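Residue strings, one per chain:
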Amino acid sequence: FVWRACVCCLFLCVEFCWSFVSTMVGFVNVFRVGGGGSSVNRSARTCSRSVVRAVALAEVKERLKSESMRDKVHAILALRGSSDQEGVMNILLESGVLKDDREQVRVVAHVALGRCGVPSGVPTLLQSMKKDKDMGVRAAAAEALTDIEGVSEMEDVLDALIVAWREDPDYIVKHSCIVAMGLLGNERALEIITGILKDESMHDLFVGAAALALRDIAPKGDQYPDLLVRSLSRKDPMVRRHIAIALESYPSQTTLQALHKLTRAKGEENYVRDAARNSLQQVESRMGL
């Protein structure tokens, strides 16, 4: 997970700086056009913001031509301030950052493409999920698909995620595919999700992700909480934590007993017991206890 840790730290640092700068620019523009409440002043402020956005986008396009990885990542993150999502998508596609030689740039670019939410970005994300040479980019593309507007209704996206789960050789990509299948909320993914939970030889990383995916899909049926409870025998405490969180979606006597037991389990990790207590409160509330 080293690449994810590095990228996350990079996101946090750059986004904080960009938020601060954006706020300062906003203050400057307000003071520049005046702070009155008249319709003239409001129109002036609106025009000013539009001009600033246009100028900013033009500057971003220039910065994306830089050979510096730092400049490109800053420029990509700066695009999040635009309300023109189609325009942002076109800039990402035309600038070549999605095919940059550096994995870090491509990861940030694919996340940004997903956040545009524009359905016409789906083919590019699917292609990268299937073909990019780096696991980080393939994983980022898989999860970025879930940010696209209306993606839950796109059967070809779920089909592609299922294929990637089965065929991609990297654990991180497989994990991202499970997460994405859960976020899509399509019950057609249940065969994969429940199969992971039933397989005792399955890697704990996938079992934990499948538990949360089951929570996100939230299908009805007694078999689902039973399946989750049986998976509590896993040795990895993080898996048990994810299962405890997932059980919140299934109020039943089986769930109550399992969560009570988990909160009192000797030698259990505190973060597992805390997750069990939180879910227990939610389940009791939903059951009127």
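Please refer to the structure higher up on the page.
Quick summary incoming for the structure in this document. For clarity, every value in this text was computed on a predicted model and none was experimentally measured.

Thresholds, definitions, all that
- Residues numbered from 1 in each chain as written.
- Predicted model: local features only at pLDDT ≥ 70, side-chain atom pairs only at ≥ 80, totals over all residues.
- Heavy atoms only, no water.
- Helix = DSSP H or I, 4+ residues; strand = E, 2+ residues; numbered from the N terminus.
- Buried < 20%, exposed > 50% of the residue type's maximum accessible area, 1.4 Å probe, protein only.
- Contact = heavy atoms within 4.5 Å.
- Areas by Shrake-Rupley, 256 points an atom, 1.4 Å probe, with all protein chains shown as cover.
- Salt bridge = Lys/Arg side-chain N within 4 Å of Asp/Glu carboxyl O.
- Axes fitted to C-alpha atoms, helices over the stretch in contact; angles between N-to-C directions.
- Parallel < 35°, antiparallel > 145°, perpendicular 65-115°, else oblique.
- Nonpolar A, V, L, I, M, F, W, Y, C, P; charged D, E, K, R; others polar.
- Polar contact = N/O pair within 3.5 Å; in protein donor to acceptor, adjacent residues only side chain to side chain.
- Core = buried A, V, L, I, M, F, W, Y, C linked by side-chain atoms within 4.5 Å.
- Phe/Tyr/Trp six-rings, centres within 6.5 Å; stacked < 30°, edge-to-face > 60°.
- Lys NZ or Arg CZ within 6 Å of the ring centre and 35° of its normal.

Brief notes about the overall build of the protein chain
A count of helices and strands for the protein chain gives 15 helices and zero strands. Within the protein chain, buried positions represent 46% of all 289 residues. A sequence separation of at least 24 residues applies to 65% of the contacts in the protein chain between residues at least 6 apart. When the accessible surface of the protein chain is summed, it comes to about 15200 Å², and 54% of that surface belongs to carbon and sulfur atoms.

Here we look at the pattern of salt bridges
Here the structure, examined in full by the defined rule, presents 13 salt bridges. Linking Asp100 and Lys72 is a salt bridge whose minimum nitrogen-to-oxygen distance equals 2.8 Å. Here Lys72 lies in helix 3 (residues 69–78) and Asp100 lies in the loop between helix 4 (85–95) and helix 5 (103–116), a separation of 28 residues in the sequence. Residue Asp100 shares its accessibility class with Lys72, and that shared class is buried. Taking relative accessible area as the criterion, Asp100 reaches 8% and is therefore assigned buried.

Some details on the packing of helix 7 (residues 135–144) against helix 9 (residues 171–184)
Between helix 7 and helix 9, the least distance of the axes is 8 Å, while the angle of their chain directions is 5 degrees. One element, helix 7, and the other, helix 9, form an angle in the roughly parallel class. Across the interface between the two elements, Met135, Arg138, Ala139, Ala142 and Glu143 from helix 7 touch Ile172, Val173, Ser176, Cys177, Val179 and Ala180 from helix 9. Its residues placed into classes, the contact of helix 7 with helix 9 shows eight nonpolar, one polar and two charged.

Some remarks on helix 7
Here helix 7 lies mainly inside the structure; eight of its ten residues are buried. Taken together, the buried positions of helix 7 are Gly136, Val137, Arg138, Ala139, Ala140, Ala141, Ala142 and Ala144.

Section: unusual backbone geometry
Despite not being glycine, Ala218 has its phi angle at roughly 50 degrees, a positive value. Here Ala218 is to be found in the loop between helix 11 (204–217) and helix 12 (223–230). Classification of Ala218 by relative accessible area gives partly exposed; the value is 40%.

Side note on the packing of helix 13 (residues 237–246) against helix 15 (residues 270–286)
Closest axis-to-axis distance for the helix 13/helix 15 pair is 8 Å, and the angle between their directions is 5 degrees. Classified by the angle between their axes, helix 13 and helix 15 sit roughly parallel to one another. Across the interface between the two elements, Pro237, Met238, Arg240, Arg241, Ala244 and Ile245 of helix 13 pack against Tyr271, Val272, Ala275, Ala276 and Ser279 of helix 15. Considering only residue class, the contact of helix 13 with helix 15 consists of eight nonpolar, one polar and two charged.

Considerations on the environment of Lys220
Turning to its location among the elements, Lys220 is positioned in the loop between helix 11 and helix 12. For Lys220, a relative accessible area of 81% puts it in the exposed group. A sequence separation of 30 residues divides Lys220 from Tyr250, and the C-alpha atoms of the two residues are 8.3 Å apart.

What to know about the environment of Ser152
Mapped onto the fold, Ser152 is located in the loop between helix 7 and helix 8 (155–167). Judged by its relative accessible area of 31%, Ser152 falls in the partly exposed class. Sequence separation between Ser152 and Leu183 is 31 residues, and the spatial gap between their C-alpha atoms is 8.4 Å. Setting aside residues no more than four positions away along its own chain, Ser152 makes contact with Leu184 and Asn186. Within the structure, Ser152 has its side chain in polar contact with the backbone oxygen of Leu184 (distance 2.9 Å).

A closer look at the nonpolar core
In terms of nonpolar packing, the biggest core is built from 84 residues, with Leu92, Leu161 and Ile178 touching the most fellow members. A per-element tally of this core places helix 11 first, with nine residues. For Leu161, the residues in contact, after removing those within four places along its chain, are Met129, Ala142, Leu145, Cys177, Ala180, Met181 and Leu184.

What to know about the side chain of Asp132
Residue position: Asp132 is located in the loop between helix 6 (122–131) and helix 7. According to the relative accessible area criterion, Asp132 is buried, its value standing at 13%. Among the polar contacts listed, one links the side chain of Asp132 to the backbone nitrogen of Asp134, at a separation of 2.9 Å. Look past the residues within four positions of Asp132 in its chain and what remains in contact with it is Arg106, Gln127, Val137 and Arg138.

Concerning the packing of aromatic side chains
All chains considered together, the criterion is met by three aromatic pairs. With a centroid separation of 5.0 Å and an interplanar angle of 50 degrees, the aromatic rings of Tyr171 and Phe206 are classed as tilted. Remark: Phe206 occurs in helix 11 and Tyr171 occurs in helix 9; sequence separation between them is 35 residues. Given a relative accessible area of 4%, Phe206 falls into the buried group. With a centroid separation of 6.5 Å and 35 degrees between ring planes, the pair formed by Tyr224 and Tyr250 is classed as tilted. Remark: Tyr250 occurs in the loop between helix 13 and helix 14 (253–264) and Tyr224 occurs in helix 12; sequence separation between them is 26 residues. Residue Tyr250 is classed as buried on the basis of its relative accessible area, which comes to 7%. Following the ring pairs from residue to residue traces out a cluster consisting of Trp165, Tyr171 and Phe206. Here the guanidinium or amino end of Lys174 rests over the ring plane of Trp165, the centre of that ring lying 5.1 Å away.

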